[in-house]
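Next come the chains, spelled out residue by residue.
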Amino acid sequence: MSRLIGEPLPRVDAPLKVTGRATYAAEHRLPDLAHAVIVSAAVGKGRILEVATSRALSEPGVLAVISHLNAPRLPYRPHKGWIDPTVGERLHVLQDDLVHHWGQPVAVVVAETLEQAEHASRLVELRYEAEAPAFTVPEGATVEPQGGYPANYSRGDAEQALAAAERAVDCTYLIPRENHNPIEPHATIARWEGQHLTVWDKTQFPPNVADELAAVFGLERANVHLICPFVGGAFGTSLRTWPHTTLAAIAARHVGRPVKVVLTRKQMYFGTGFRPETWQRVRLGARSTGELTALKHEGIAETSRYENYIEGLLNAPRFMYSCPHVTTRYRLVPQDVHTPTYMRAPGAASGMFALECAMDELAHELQIDPVDLRLRNEPKIDESRNVPFSSRSLVECLRTGAERIRWHRRRAEPGALREGNWLVGLGVASATYHTLRNTASARVRLRPDGTAVIETAAADMGPGTYTSLTQIACDELGLPPEKVQVVIGDSNLPRVPPHGGSQTLSSVGSAVLAACLSARSAREERAHSGATVGSEIVATETSQASEAAKRYSMHAFGAVFAEVMVDVDLGIVRLAQMVGVYAAGRIVNPRLAHSQAIGGMVGGVGMALLEETHIDRRDGRITNANLAEYLVPTNADIPVFDAVFLDEHDPHVNPLGVKGIGELSYVGVAAAIANAVFNATGKRIRDLPITLEKLL
Ligand code: MOS
């Protein structure tokens, strides 16, 4: 049997997807289904004085209008899932008259058809006592993040080293709020049978939806069943369980029928999380020969008033480069918004934008090639923990990328390369993302007919979980892909961590591997004992992070190179070329890895050049909550990308030696583009996105 791991197996679920037979959350058909439409708060902060429902209720087909006035008081038992902020308490939907943010769900209209519900939702009249919401990043009162990531870190004395540095840079960067904007909207169908609740919900974390609903409604966990076989993109927005999922269940119980809720594109900007607005100041000190002597990186990000969302914004500066004196300082500003959440390389994409731009500014200051500057500061170990890296191939990534983009063409002096009316620039940035592995379980059934079923509660938002798990199982069981069926996306299946943080293959893949090994030995034992094959062999295994995580620093690394062209008169930025070189351990499926890396790079281009959620600071309204005005890259924005995976063997990270790709491929893109724009124009844009008006 040839090995499938490492082979470019086409997606095993591709036929289902291209023929429309892959069923997404909103598409499950249930008899007697009613439709619900959420009414969103039209003030940014305040109190609801009145909910007038008689006009809505008198419309044909309307079954109910539910607000805090008639919604049941729910138990809302404490529940902190893996991705819920440790400080604060989630929004309790329809439980009181308070409005915490613009667009907060304040009522829900249920009707026979979607059209009837939409129409009636516009007839619900709300009166508010409104207050002015506050948006005060970065000056506002800050709080220290707790649990998880340190608020303050230091080794050596960065201030003193900065004062003594031969050369230094001091730069401030701004990243606006960004929204995930997957193609599939959030959607939930809820059905009650007595005390038993079934939900079809778009999620990256099937077990957690069941946990959350059990907590909210005070149910036995065994009485909640979540089904989500397919996810149409998510980028982090479906990691947590948001209020609309609870609303669907409230509505279904209220009308005694199954109810479907689908968020509108606009509601996706208000009802679910987002990448927080971030202010960062980076100060670097170095010798004139390029060795870093001091690094001080401060970050301030927005959060809601009811929860402290924290992410690994300032993790990378602590280990990325060799430097004796390092300080990081991370603060949050609570403001009148809903809680931010993980989005496309959370923390790392934002933090590395600032660090990698600052490295470029330092390279310019020192008149040292930016690739060279990074090579000169390559650390031997993780200096923040004093442990070796399990593997680290940043140097090879930088060298390979420089060759592939023909870096030798780059001129140190900005504006020196020109083609007609276009200024040409080349930029580089390093990338990194930590390799996660958490406890995961999987079950294997070897059937008497020689086929196998792999069962685990994982999700697949696009990277190809169905396919990679198939490949792992095939190799371990000695079966061809057509004899292996992977079943995922169901909370009744063996428990897994969230499908996020690039950890699915590392965590769930390891569990599938373990379950297959155990099923195989059961099969061999049975063969040795001479027993006739009659019954199914079932093996369930749980796999968890090993002690190696304490002895090694585990991260994937990469290098991103961008070539841009900037119109001399109009400031238009066109991407000419991008090369991403990644060292992410073993690549289980090069076809899917390539596709995922390209996707990540495209997301990074959005962050660099287009994406920005505009908030009207008078009332908290988002003025571009749609895909016409919130710009994301289209095909015309994207040239051919070169995504390269280095051969990297890492015996420590997990039994498969995989590191994850999804997040890594976003990181560094925005900085590489910003650095290329500087090289082209001599203009240093420190606030994203890099739009033409900033270049004029
Ligand atoms: Mo990713 S932001 O962990 O879905």
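Refer to the structure above for everything that follows.
Residues numbered from 1 in each chain as written. Predicted model: local features only at pLDDT ≥ 70, side-chain atom pairs only at ≥ 80, totals over all residues. Heavy atoms only, no water.

Colleague: Looking at this structure, how should I read the overall build of the protein chain?
Modeller: On a plain count of helices and strands, the protein chain comes out with 16 helices and 26 strands. For 696 residues, the compact-globule estimate of 2.2 N^0.38 gives 26 Å, and the protein chain sits close to it at 26 Å. Each principal axis of the C-alpha distribution contributes one length, and for the protein chain these read about 80 × 75 × 50 Å. The long-range share in the protein chain, meaning contacts at least 24 apart out of those at least 6 apart in sequence, stands at 82%. For the protein chain, the centre of its 70 positive side-chain charges and the centre of its 77 negative side-chain charges are spaced 1 Å apart. (Helix = DSSP H or I, 4+ residues; strand = E, 2+ residues; numbered from the N terminus. Rg over C-alpha atoms; globule rule 2.2 N^0.38 Å. Contact = heavy atoms within 4.5 Å. Lys, Arg positive; Asp, Glu negative; His and termini not counted. Charge placed at Lys NZ, Arg CZ, Asp CG, Glu CD.)

Colleague: Would you mind going over the layout of surface pockets with me for this structure?
Modeller: Each pocket or cavity is described by its volume, and for the second largest pocket that value is around 430 Å³. Along its surface, the second largest pocket is lined by 24 residues, and Leu609, Leu610, Leu631, Ile690 and Thr691 are the ones closest to its centre. Broken down by secondary-structure element, the contributors of at least two residues to the lining of the second largest pocket are strand 23 (573-583), helix 14 (590-610) and helix 16 (692-695). Among the residues forming the lining of the second largest pocket, the class breakdown is 14 nonpolar, four polar and six charged. (1 Å grid on protein atoms, 1.4 Å probe; cavity = no way out; pocket = protein on both sides within 12 Å on 5 of 7 lines; lining within 4 Å. Points joined across faces, edges and corners; volume = space filled by probe spheres on them. Nonpolar A, V, L, I, M, F, W, Y, C, P; charged D, E, K, R; others polar.)

Colleague: Mind showing me how you'd approach the pattern of salt bridges here?
Modeller: This structure, assessed with the given rule, holds 48 salt bridges. Across the pair aspartate 336 and lysine 45 runs a salt bridge whose closest N-O atoms are separated by 3.5 Å. Remark: lysine 45 occurs in the loop between strand 1 (34-40) and strand 2 (46-52) and aspartate 336 occurs in the loop between strand 15 (325-335) and helix 8 (348-366); sequence separation between them is 291 residues. According to the relative accessible area criterion, aspartate 336 is buried, its value standing at 5%. (Salt bridge = Lys/Arg side-chain N within 4 Å of Asp/Glu carboxyl O. Buried < 20%, exposed > 50% of the residue type's maximum accessible area, 1.4 Å probe, protein only.)

Colleague: What should I look at first to understand the nonpolar core in this one?
Modeller: Across soluble globular proteins, you tend to see nonpolar side chains buried next to one another. Leu284, Phe353, Phe561, Val564, Met578 and Ile673 are the most contacted members of the largest nonpolar core, which totals 90 residues. Element by element, the count of residues in this core is highest for helix 8, at twelve residues. Apart from the residues lying within four places of it in its own chain, the contact partners of phenylalanine 353 are Tyr173, Ile175, Ala348, Ala670, Ala671, Ala674, Arg686 and Leu688. Counting 39 residues, the second largest nonpolar core, distinct from the first, contains Ala210, Ala214, Val261 and Met268. (Core = buried A, V, L, I, M, F, W, Y, C linked by side-chain atoms within 4.5 Å.)

Colleague: Would you mind showing me how to read the sheet that holds strand 1 here?
Modeller: Consider a sheet: its strands pair through backbone hydrogen bonds, and that pairing is either parallel or antiparallel. If you trace the seven strands from one edge of the open sheet to the other, you get 3-5-1-12-9-10-11, paired in mixed fashion. Each end of this open sheet is capped by a strand with a single partner; those strands are strand 3 (62-67) and strand 11 (224-227). Strand-to-strand, the axes of this sheet are offset by a mean angle of 20°, without reference to chain direction. The sheet strands contacting helix 3 (residues 114-121) are strand 1, strand 3 and strand 5 (105-111), and the helix crosses strand 1 at an angle near 25°. (Pairing = 2+ DSSP bridges. Axes fitted to C-alpha atoms, helices over the stretch in contact; angles between N-to-C directions.)

Colleague: Is there a simple way to explain the environment of alanine 545 in this structure?
Modeller: Mapping alanine 545 onto the fold places it in the loop between strand 21 (537-543) and helix 13 (548-551). Note: C-alpha distance between alanine 545 and leucine 646 (101 residues apart in sequence) is 24 Å.

Colleague: Quick question: what am I supposed to make of the sheet that holds strand 23 here?
Modeller: Spatial strand order, 16-17-22-23-26: five strands in an open sheet with mixed pairing. Because the sheet does not close on itself, it has two edges, and the strands there are strand 16 (417-419) and strand 26 (641-645). For this sheet, the mean angle separating the axes of adjacent strands, direction not counted, is 25°. Here five bridges tie strand 23 to strand 26, and the two strands are oriented parallel to one another. Within the sheet, the bridge partner assigned to valine 579 lies in strand 26 and is aspartate 642.

Colleague: What exactly am I supposed to notice about the packing of aromatic side chains here?
Modeller: Aromatic ring pairs are described here by two measures, namely the spacing of the ring centres and the angle between the planes. Per the counting criterion, the structure on display carries eleven aromatic pairs. Consider the rings of phenylalanine 389 and phenylalanine 557, whose centres lie 5.8 Å apart with planes at 85°: the pair is edge-to-face. Of this pair, phenylalanine 389 sits in the loop between helix 9 (370-376) and helix 10 (394-404) while phenylalanine 557 sits in strand 22 (residues 555-567), and the two are 168 residues apart along the sequence. On the accessibility criterion, phenylalanine 389 (10% relative accessible area) is buried. Here tryptophan 407 and phenylalanine 561 contribute two aromatic rings whose centre-to-centre distance is 5.4 Å and whose plane-to-plane angle is 80°, an arrangement assigned as edge-to-face. (Phe/Tyr/Trp six-rings, centres within 6.5 Å; stacked < 30°, edge-to-face > 60°.)

Spatial relationships are all this shows, so hold off on functional conclusions.
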